[in-house]
Amino acid sequence: MNADYWKGRRVCITGIAGFVGSNLARALLDLGADVVGLDRVKESPSLRALGVDVEVLPRDVRNRDRLAWALANGNGLVGWRAPEVVFHLAGLGHIKDCQEHPIEALETNVLGTANILEACRLLPMPPVVVVASSNHVYGSMSVGQYLWSEQHPPGQTDIYGTSKSCGDLIVRAYGRLGLRCAALRHTNAFGPADPHRSHIVTRLICDLLEGKEPVIATVNGSTATKGFIHVADVVQAYLLIAEALTEGLAPGTALNAGAERPVSITELAELVATVADVGLRPRFEEVAFWDQAEYREHLDSSRLLSVGWTRRPLTEALAETFIWYRAHGGMAWLSGNS
């Protein structure tokens with residue numbers, strides 16, 4: 001990563017109030033970038049917990065006209081600088097929410113991505129754009145399959161995975177139109193300031209800090225097998241892709257950012273309990289059905305590794321995350337009481 005590239009560079013993050021967006025903003029500020037945000041909310045506990053205080057334009061990515069105006073003119077104040085880099089992270093990201101609200105998910109994740117790319121394309125000096133995608137474009141691995149490369153076709157049929165697949169195709173199309181854009185398909189991120197206790201690493205850590213025995217559901221003694229990476233490694237991937245686009249990465253490219261190896265939820269729970277070392281172990285409960293029980297994922301990240309991406313070991317990353325939550329009172333930071 002080229003730290004000098006980011007000094008003074010104007011960067012806009014859509015979805016800045018979210019978990020990954022807040023961590024990305026924090027990293028960019030530390031690199032000396034000039035950061036602004038665009039989100040439906042102007043502040044969030046994640047931004048507050050990470051000490052991110054930047055201008056946030058209240059916009060919905062589904063509103064194309066207001067979006068284009070915002071990127072070109074901000075809130076209409078004199079001195080606004082249009083972004084040189086845009087990270088598009090805004091979207092509906094929870095699988096269950098997308099299934100329950102399919103039209104909202106498709107409008108936000110598909111139309112919203114098109115709106116952002118078009119607004120960027122129409123700027124007098126179009127910025128570099130990196131769009132948040134997901135490993136869920138691939139679906140679940142079939143028996144005998146080892147990993148997905150970027151060349152594997154989309155395979156997910158739920159609303160979330162479908163919306164991300166459509167977003168990737170839109171990125172490819174805008175790349176053909178000459179916009180320097182790319183998509184990042186990353187696996188499950190964990191780390192500081194994640195407000196979603198539904199995320200397994202956050203739940204495991206907070207259960208242990210609260211003296212609760214974490215409970216993991218199993219089906220026929222097994223659980224899903226997934227890739228987990230620290231949010232700082234996801235942030236690094238975003239920054240490297242933006243730099244690579246500036247230096248000649250083919251527009252419209254999609255790149256994978258996955259774990260060094262996938263782990264079962266069983267192994268993950270045991271690892272978290274070990275690094276926490278609070279005298280509690282997970283308890284496994286057999287259930288009749290869980291829709292994720294047979295899910296398998298693993299991404300081939302060789303293309304991203306070839307441009308300098310690195311990943312910290314899972315145990316080390318889990319330990320760092322546990323230390324952060326312990327220092328912030330588990331989830332007490334959500335209310336500003338940590």
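Relevant structure appears above.
Keep in mind that this is a model prediction, so the values were computed, not measured.

Draft legend 1. Main features of the side chain of S149. Tracing the backbone through its elements, the reader meets S149 in the loop between β5 (128-132) and α7 (159-176). A relative accessible area of 15% places S149 in the buried class. Beyond its immediate chain neighbours, meaning those up to four positions away, S149 contacts Y138, N256 and D300.

Draft legend 2. Examining the packing of aromatic side chains more closely. Tallying each qualifying case throughout the model produces six aromatic pairs. Judged by centre distance (5.1 Å) and plane angle (15°), the ring pair of Y138 and W148 falls under stacked. Placement of Y138 in the loop between β5 and α7 and of W148 in the loop between β5 and α7 is noted, with a sequence separation of 10 residues between them. For the pair formed by Y138 and W148, the shared burial category is buried. Site record: aromatic cluster; members linked through ring pairs are Y5, W6, F87 and Y238. One residue, R9, lies across the ring of Y5, its end atom 3.7 Å from the ring centre. Stacked on the ring of W80, the Lys or Arg R10 has its end atom at 4.4 Å from the ring centre.

Draft legend 3. Broad picture of the side chain of S165. Within the secondary structure, S165 is located in helix α7. Aside from chain neighbours lying at most four places away, what touches S165 is V137 and P154.

Draft legend 4. Highlighting α7. Its 18 residues give α7 an end-to-end C-alpha distance of 26 Å, which sits within 8% of 26 Å, the value for a rise of 1.5 Å per residue. Considered for burial, the residues of α7 that qualify are Y160, G161, S163, K164, S165, G167, D168, I170, V171, Y174 and G175. On the buried face of α7, the contacting elements are α5 (95-100), α6 (102-121), β5, β6 (181-186) and β11 (253-257). Where α7 begins, the side chain of D158 points an oxygen toward the backbone nitrogen of Y160, at a separation of 3.4 Å. A positive phi of about 105° marks G178, the residue just after α7.

Draft legend 5. Layout of the packing of helix α10 (residues 265-276) against helix α12 (residues 314-327). Orientation of α10 relative to α12, taken along the N-to-C sense of each, is 55°, at an axis distance of 9 Å. Relative to α12, the element α10 lies oblique. At the point where α10 passes α12, the crossing takes the right-handed sense. Only L314, T315, L318, A319 and F322 of α12 make contact with α10, whose side of the interface consists of L268, L271, V272, V275 and A276. Classifying every residue of the contact of α10 with α12 gives nine nonpolar, one polar and no charged.

The rules behind these values
- Residues numbered from 1 in each chain as written.
- Predicted model: local features only at pLDDT ≥ 70, side-chain atom pairs only at ≥ 80, totals over all residues.
- Heavy atoms only, no water.
- Helix = DSSP H or I, 4+ residues; strand = E, 2+ residues; numbered from the N terminus.
- Buried < 20%, exposed > 50% of the residue type's maximum accessible area, 1.4 Å probe, protein only.
- Contact = heavy atoms within 4.5 Å.
- Phe/Tyr/Trp six-rings, centres within 6.5 Å; stacked < 30°, edge-to-face > 60°.
- Lys NZ or Arg CZ within 6 Å of the ring centre and 35° of its normal.
- Expected span 1.5 Å × (residues − 1).
- Polar contact = N/O pair within 3.5 Å; in protein donor to acceptor, adjacent residues only side chain to side chain.
- Axes fitted to C-alpha atoms, helices over the stretch in contact; angles between N-to-C directions.
- Parallel < 35°, antiparallel > 145°, perpendicular 65-115°, else oblique.
- Left-handed = near helix turned anticlockwise from the far one by under 90°.
- Nonpolar A, V, L, I, M, F, W, Y, C, P; charged D, E, K, R; others polar.

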